[in-house]
Amino acid sequence: MNFFEKYTNRAETELLAQVNFAKEQGFYPYFRELHSEQGPIVRMDDREVIMLGSNNYLSMTMNPQVKEAAKRAIDKYGVGSTGSRLLNGTMDLHVQLEERLAKFLGTESAVIFSTGMQANLGTLSCLLDKDDWVVSDQQNHASIIDGIRLSRIPRDHKLIYKHNDMEDLERCLKQIPKGEKALIVTDGIFSMEGTIAQLDVITELAERYDAGIYVDDAHAVGVLGPKGRGTPAYFDLEDKVDVVMGTFSKSFASIGGYIAGSEVICEWVKHRARSIIFSASAPPPAVATVLAVLDIIEKDDSYQKKLWENSKRLLKGYQDAGFDTGESQSHIIPIIVGDEMTTFFFFKELLEYRPRSVYTNPVRAPAVQPGRELLRTTCQAAFTKDVIDEAVEIMATVGKKLEVI
Ligand SMILES: Cc1ncc(COP(=O)(O)O)c(C=O)c1O
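Residues numbered from 1 in each chain as written. Predicted model: local features only at pLDDT ≥ 70, side-chain atom pairs only at ≥ 80, totals over all residues.

### Comments concerning the sheet that holds strand β6 (residues 182–187)
So, step 1. Here we have seven strands laid out as an open sheet, ordered β3-β9-β8-β7-β6-β4-β5, and mixed in their pairing. Every interior strand has two partners, whereas the edge strands, β3 (109–113) and β5 (158–161), have only one. The mean inter-strand angle of the sheet, taken between neighbouring strand axes irrespective of direction, is 20°.
So, step 2. Here strand β8 (residues 243–247) runs beside strand β9 (residues 257–261); their pairing, made up of four bridges, is antiparallel. Looking at β9, one finds that Thr 247 is bridged to Gly 257. (Pairing = 2+ DSSP bridges. Helix = DSSP H or I, 4+ residues; strand = E, 2+ residues; numbered from the N terminus. Axes fitted to C-alpha atoms, helices over the stretch in contact; angles between N-to-C directions.)

Given below as structure tokens:
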């Protein structure tokens, strides 16, 4: 039998049938095309859509100064890097960005990758050795889970604690034999339900059990802490976190990722992480975009303030309407629906609403626990009060119709 024949008679065809059925019924939510730039209002086909599903937290994709910097980088450096950082793919822009990030985050060093996914895959897989232990929050991002999988630690050295449950974290730490090395890994702001890691307790436990700390600040950089310096800065615990990871695909309006920490860790990762060695570096306009956003947020925290102001208004609107918003503490606000089909119908009805519709991200298991299916909604700095109120009104109308509220 030819290798690909299995794709005509197994689960793979079932998946295709499910996708086609969902498309026909109009509730297939994925790979939707946008016909405009990312912003508070986007165009999808012929209609205007309020974008409640973007990670453009500081609305920097539209910032004229940032766009100009990306254009200038193209003129000077061209559009691509055509090589790995290790070889021909390091431009002075990449080095400048590493230095600026280290300064911004208050670490000795930083290393940039072409995506945040690659940052977690490459770093965790080369930091964790075969005798080490890892203790990871149940709701950590897929790139953390996969980074740990790619490492050489045995299965029984991976301990998962209940989401943000510090007693359960301690229970895991107690299982590790004395003298053995452990790394605690957590998101800073959790990507699905918008909770903030209890870094004050985590650092205390890490000290007591002599563990290292790795924080994925993908959703917190630019958002949390003074000047958006992230979760460690928010708790004033920057010196207690060994490695902080982040991405450029959200507040920084670009693509790429980084880790920051001591020089010795960063040099190790730079020379050992396979995702940096065997992959081309980020293109010049993407790097210049991040530098331009840093220029702005280092001087001006009005974008960050606006984002928080808007997030509070959106959360209050949802709560007044009667939605279950889980434990959200941030700009990521879930609408907990608790059932997969209703979640998809909710998504569809919102997108079909007229004259203006609303885009949200429907999330099902395994990205969330079964029974916790939700619409992931996110705020942006450039939302106006009117847009937020309009979005809430549409959500409430559809929510009532589908008996979500
Ligand atoms: C918590 C977290 N870590 C890492 C990543 C990966 O980032 P990137 O989009 O840069 O690959 C994401 C992206 O969704 C994320 O949410």
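### Points about the sheet that holds strand β2 (residues 47–51)
So, step 1. Taken together, the three strands give an open sheet; going across it, the order is β1-β2-β11, and neighbouring strands pair in mixed fashion. Sheet topology places β1 (41–44) and β11 (357–359) at the edges, where each strand pairs with a single neighbour. For this sheet, the mean inter-axis angle between neighbouring strands, taken without regard to orientation, is 45°.

### Looking at the pairing of β5
So, step 1. Bridge count for strand β4 (residues 133–137) against β5 is four bridges, and the pairing is parallel. Of the residues in β5, the one forming a bridge with Asp 137 is Tyr 161.
So, step 2. Handedness of the crossover is the feature at issue here: the chain leaves β4, passes through helix α6 (residues 142–150), returns alongside β5, and the resulting connection is right-handed. (Right-handed = clockwise from strand over helix to strand, strands pointing away.)

### Some words on the site of the ligand
So, step 1. Among the 14 residues in the neighbourhood of the ligand, the closest are listed as Gly 116, Met 117, His 141, Ala 218 and Thr 247.
So, step 2. With three residues, the single largest contributor to the shell around the ligand is helix α5 (residues 116–127).
So, step 3. For the shell around the ligand, the residue count by class is two nonpolar, 10 polar and two charged. (Near = placed C-beta within 6 Å. Nonpolar A, V, L, I, M, F, W, Y, C, P; charged D, E, K, R; others polar.)

### Overview of the domain arrangement of the protein
So, step 1. When cut into domains, the protein gives domain 1 (26–60 + 301–401) and domain 2 (81–282).
So, step 2. Taken over C-alpha atoms, the centre of domain 1 sits 28 Å from the centre of domain 2.
So, step 3. If you look at the interface, domain 1 gives 21 residues, while domain 2 gives 17 residues.
So, step 4. With three residues, the top contributor of residues to the side of domain 1 that touches domain 2 is strand β10 (residues 332–336). (Domains from an automatic or database assignment. Contact = placed C-beta atoms within 7 Å.)

### Some words on the pairing of β10
So, step 1. Where burial is concerned, most of β10 is hidden: four out of the five residues are buried.
So, step 2. By the bridge criterion, five bridges tie β10 to strand β13 (residues 374–378) in an arrangement that is antiparallel. In the strand pairing of β13, Ile 336 is matched with Leu 374. (Buried ≥ 20, exposed ≤ 12 C-beta atoms within 10 Å, placed from the backbone.)

### Observations regarding unusual backbone geometry
So, step 1. Each neighbour pair has its own omega, and for Arg 354 with Pro 355 the value is 5°, a cis peptide bond.
So, step 2. Among the secondary structure elements, Pro 355 is positioned in the loop between α14 (340–352) and β11.
So, step 3. A positive phi angle is found at Asn 164, which is not glycine, with a value near 55°.
So, step 4. Following the sequence through the fold, Asn 164 ends up in the loop between β5 and α7 (166–174).

### Concerning the nonpolar core
So, step 1. Judged by nonpolar contacts, the single largest core of 114 residues is most densely connected at Ala 110, Val 135, Leu 183, Ile 184, Tyr 258, Ile 259 and Val 293.
So, step 2. Looking at which domains feed residues into this core, each of domain 1 (26–60 + 301–401) and domain 2 (81–282) gives three or more.
So, step 3. Apart from the residues lying within four places of it in its own chain, the contact partners of Leu 183 are Leu 127, Leu 128, Asp 132, Val 134, Ala 211, Gly 212 and Tyr 214. (Core = buried A, V, L, I, M, F, W, Y, C linked by C-beta atoms within 7 Å.)

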